[in-house]
Amino acid sequence: MDGLITGVDKKVRCWWPGKDAQYLDYHDHEWGRPVIDDRTLFEKICLEGFQSGLSWLTILRKRDNFRAAFDQFKFETVARYGDADVERLLQNADIVRHRRKIESTINNAQRACDLGDEFGSLAAYFWQYEPKERPPKCDYATLSEISKTPESTALSKDLKKRGWSFVGPTTAYAFMQSMGMVNDHLEGCCMRAIVEKQRNLLERP
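Residues numbered from 1 in each chain as written. Predicted model: local features only at pLDDT ≥ 70, side-chain atom pairs only at ≥ 80, totals over all residues. Heavy atoms only, no water.

Named according to an unreviewed UniProt entry, the protein is DNA-3-methyladenine glycosylase I originating from Leptothoe kymatousa TAU-MAC 1615.

Visitor: Provide a residue-level description of the packing of helix α2 (residues 38–51) against helix α11 (residues 169–178), including the pertinent values.
Guide: The contact between α2 and α11 brings their axes to 9 Å, and the two run at 140°. By the angle between their directions, the pair α2 and α11 is classed as oblique. The two elements α2 and α11 cross, and the hand of that crossing is right-handed. For the pair α2 and α11, the contacting residues are Leu41, Lys44, Ile45, Glu48 and Gly49 in the first and Thr171, Ala174, Phe175 and Ser178 in the second. Residues that form the contact of α2 with α11 fall into these classes: 4 nonpolar, 3 polar and 2 charged. (Axes fitted to C-alpha atoms, helices over the stretch in contact; angles between N-to-C directions. Helix = DSSP H or I, 4+ residues; strand = E, 2+ residues; numbered from the N terminus. Parallel < 35°, antiparallel > 145°, perpendicular 65-115°, else oblique. Left-handed = near helix turned anticlockwise from the far one by under 90°. Contact = heavy atoms within 4.5 Å. Nonpolar A, V, L, I, M, F, W, Y, C, P; charged D, E, K, R; others polar.)

Visitor: Mind laying out the packing of helix α6 (residues 83–90) against helix α7 (residues 99–119), listing which residues take part and the relevant values?
Guide: When two helices pack together, their arrangement is captured by the angle between the axes and the distance separating the axes. As a packed pair, α6 and α7 sit with axes 10 Å apart at the nearest point and diverge in direction by 135°. Here α6 is positioned oblique relative to α7, judged by the angle of their axes. Two packed elements cross with a definite hand, and for α6 against α7 that hand is right-handed. The segment α6 lies against α7, with Val86, Glu87, Leu89 and Leu90 engaging Arg99, Ile102, Glu103 and Ile106. Looking at side-chain class alone, the contact of α6 with α7 contains 5 nonpolar, no polar and 3 charged residues.

This is the structure:
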């Protein structure tokens, strides 16, 4: 298996979005594209935490509901949530109603405010963990062996030390893939070169 599929539009892509239109759009226009916007970074790491134990497609299909429920993931706002907000969110059938994950999001928003104060932005903090070296090939065999890296482990460890939760090494690596800190579009995928060009042009924070 080479991990590549050809869509009805004749484009060759990574295998994982399959034929789902929403998943294909996410693969083509978002996954792996470099992000330096703090609100978006906070959203991504929170949703990766919610995804733990579930499929990403489940989270993606509920993402607009999550945004509405969590004030568009403006972490300065979420940081002020209290017990009434936790109960409100637990009654919201349009999101994943998991108390620990909801409470974690509020806690992480508070910790995100601390990071912003210390580093100037979340982007400045997260991007310091960008790997200096990557595997020589990004094919299916290589990628299927990677669920965490030394950098994602270091990021996870530091976040936990700072009081974050639901940020294990595997979640941290999925976050790094999503926000473009690494380009894990497979060789042969039509999006790999596009993403790599954006990464090369990015002015790191």
